[in-house]
Each structure stands twice: as C-alpha cells, then as structure tokens.
Amino acid sequence: MEKCIIVAIADNRAIGKSNALLWHIAEDMKYFRQTTTGSPVVMGWMTFQSIGGKPLPKRENVVISIFPWPDKPEGVVEVGSLEEAYKYLGSKALRQAQGPERVFVMGGGETYRQALPTADKLYITHVHTTIEDADTFFPVIDPAIWKVESTTPVAIDPETGYGYEFTIYTRVSF
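Quantities reported herein were computed from a predicted structural model and do not represent experimental measurements.

A. Local environment of the overall build of the protein. Counting its secondary structure elements, the protein contains four helices and 11 strands. Relative to its length of 174 residues, the protein is compact, with a C-alpha radius of gyration of 16 Å against a globular reference of 16 Å. Counting only C-alpha atoms and orienting by the principal axes, one finds that the protein spans roughly 45 × 35 × 25 Å. Taken over 174 residues, the protein has a buried fraction of 45%. The long-range share in the protein, meaning contacts at least 24 apart out of those at least 6 apart in sequence, stands at 64%. Accessible surface for the protein amounts to roughly 9,300 Å². Of this, 55% is attributable to carbon and sulfur atoms. Taking the average place of the 17 positive charges on the side chains of the protein and the average place of its 21 negative ones, the gap between the two points comes to 7 Å.

Next up, the structure:
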C-alpha cells in the first residue's frame, strides 16, 4: 500500500486558516477528486468537519478522532491515530487479498506532520501566493528526501488570479 499525501500549499507553506481552505481553485478541486477517487482517504476530525461532516463519495473515508464520536455518519471509519488508520487499511487489504493500491492523507496540519515521515509520495498543488494570516502550515519538503517525479506547467486560476501547478514528489530515501 502506497502512502500518499495530497495538499495544496501556498509559497509560504500555508494550507489553512480557521479550519478552512485558503482558496477555491476549481481545477485543484477537480485534480483532488480525480486523484483520490477509488482510494481511501485519511483525515483528522477537524478536516472532516471542514468538508461538511459528510464522507467523500467513491472513497473509503477514515477519520482520526481522539474523542468518542457517538453520531458518526454512515460511511466513515473512525480510528484513534494515523498508525491505526494505516493498520486498519493494511489488515483490510490482507482480508480481501487485494487492498487499496494507495491511500491519501488529506489533512489537516497535524495529520500531515505525522504522515510525512512515512509517506511514499506527495501530490502537491503549489499555489503561487503568500497567505500571511494563515494559521496552518505544511511541513518543509526537504529536497534531500523528496525528488520531483512530475510537474505541470503553471496555470492561472481565473477567479483568484493565482498561479498554480501540480507536482508529484517521490521519496528518495527513508
């Protein structure tokens, strides 16, 4: 099972403010949907709340929550940690003889921080702007650990005017 991270980050590594995205770029949302559909997604409880508190369709939704969750929506698997999420998905793969090819960690900031040391690939939308008042940031992508596998030319979002590109990084070493 390939462990992947998917995120959109500003040039200053900002990813959120007040539990919300910093921008709405239609092509980034389309990229996210196309990339993750059919694969499990893992997120923290706050991220789950930020997407409306409903599971994303056509994906197994695994939500990390350290508190009891009595009104958990149907279609959500609740786990207590990122390690537990990976263990659940790995054991499911063994039971089904063919598990998910890859799993995507989709936030938030603390979940990304925990996932980065064991991730195999990063699917990063680089949004070319600086958000000074952001309160959540992505960790540094160390070029000694990560190499660019592919990147798209910079495009301009017509609504925000921000330039952006989709870059996939592969881990060079553990």
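B. Focus on the nonpolar core. Of all hydrophobic cores here, the largest spans 25 residues; its most connected members are Trp23, Tyr123 and Ile131. Every element with two or more residues in this core is listed here: β1 (2–10), β3 (41–44), β7 (121–128) and β11 (163–171). Residue contributions to this core peak at four residues, all from β1. Core analysis: the next-biggest nonpolar cluster, separate from the first, contains 24 residues, Ile9, Val42, Val103 and Val105 among them.

C. Molecular detail of the packing of aromatic side chains. Scanning the entire structure with this criterion turns up six aromatic pairs. Here Trp23 and Tyr162 contribute two aromatic rings whose centre-to-centre distance is 6.4 Å and whose plane-to-plane angle is 85 degrees, an arrangement assigned as edge-to-face. Here Trp23 is found in the loop between β2 (14–16) and α1 (26–36), whereas its partner Tyr162 is found in the loop between β10 (155–156) and β11, with 139 residues between them in sequence. Among the residues examined, Trp23 registers a relative accessible area of 5% and is labelled buried. By relative accessible area, which is 22% here, Tyr162 ends up partly exposed. Both rings, one in Tyr112 and one in Phe138, keep their centres 5.2 Å apart while their planes meet at 65 degrees; by these two values the pair is edge-to-face. Of this pair, Tyr112 sits in helix α4 (residues 109–115) while Phe138 sits in the loop between β8 (136–137) and β9 (146–151), and the two are 26 residues apart along the sequence. For Tyr112, a relative accessible area of 4% puts it in the buried group.

D. Up close: the side chain of Glu60. Along the chain, the position of Glu60 falls in the loop between α2 (45–50) and β4 (61–64). Here the side chain of Glu60 touches Tyr88 through a polar contact of 2.6 Å, side chain to side chain.

E. The arrangement of the layout of surface pockets in detail. Taken as a whole, the largest pocket encloses approximately 1,000 Å³ of empty space. Considering the residues around the largest pocket, the lining is formed by 44 residues, among which Thr47, Ser50, Met106, Gly107 and Gly108 are closest to the centre. Secondary structure elements with two or more residues in the lining of the largest pocket: β1, β2, α1, α2 and α4. Considering only residue class, the lining of the largest pocket consists of 22 nonpolar, 16 polar and six charged.

F. Looking closely at unusual backbone geometry. Cis rather than trans, the peptide bond between Gly107 and Gly108 has omega equal to 0 degrees. Here Gly108 lies in the loop between β6 (102–105) and α4. One non-glycine residue, Arg13, lies in the positive phi region at around 70 degrees. Within the element layout of this structure, Arg13 appears in the loop between β1 and β2. At Asn19, a residue that is not glycine, the phi angle is positive and equals roughly 60 degrees. In this structure, Asn19 sits in the loop between β2 and α1.

How each quantity is defined
Residues numbered from 1 in each chain as written. Predicted model: local features only at pLDDT ≥ 70, side-chain atom pairs only at ≥ 80, totals over all residues. Heavy atoms only, no water. Helix = DSSP H or I, 4+ residues; strand = E, 2+ residues; numbered from the N terminus. Rg over C-alpha atoms; globule rule 2.2 N^0.38 Å. Buried < 20%, exposed > 50% of the residue type's maximum accessible area, 1.4 Å probe, protein only. Contact = heavy atoms within 4.5 Å. Areas by Shrake-Rupley, 256 points an atom, 1.4 Å probe, with all protein chains shown as cover. Lys, Arg positive; Asp, Glu negative; His and termini not counted. Charge placed at Lys NZ, Arg CZ, Asp CG, Glu CD. Core = buried A, V, L, I, M, F, W, Y, C linked by side-chain atoms within 4.5 Å. Phe/Tyr/Trp six-rings, centres within 6.5 Å; stacked < 30°, edge-to-face > 60°. Polar contact = N/O pair within 3.5 Å; in protein donor to acceptor, adjacent residues only side chain to side chain. 1 Å grid on protein atoms, 1.4 Å probe; cavity = no way out; pocket = protein on both sides within 12 Å on 5 of 7 lines; lining within 4 Å. Points joined across faces, edges and corners; volume = space filled by probe spheres on them. Nonpolar A, V, L, I, M, F, W, Y, C, P; charged D, E, K, R; others polar.

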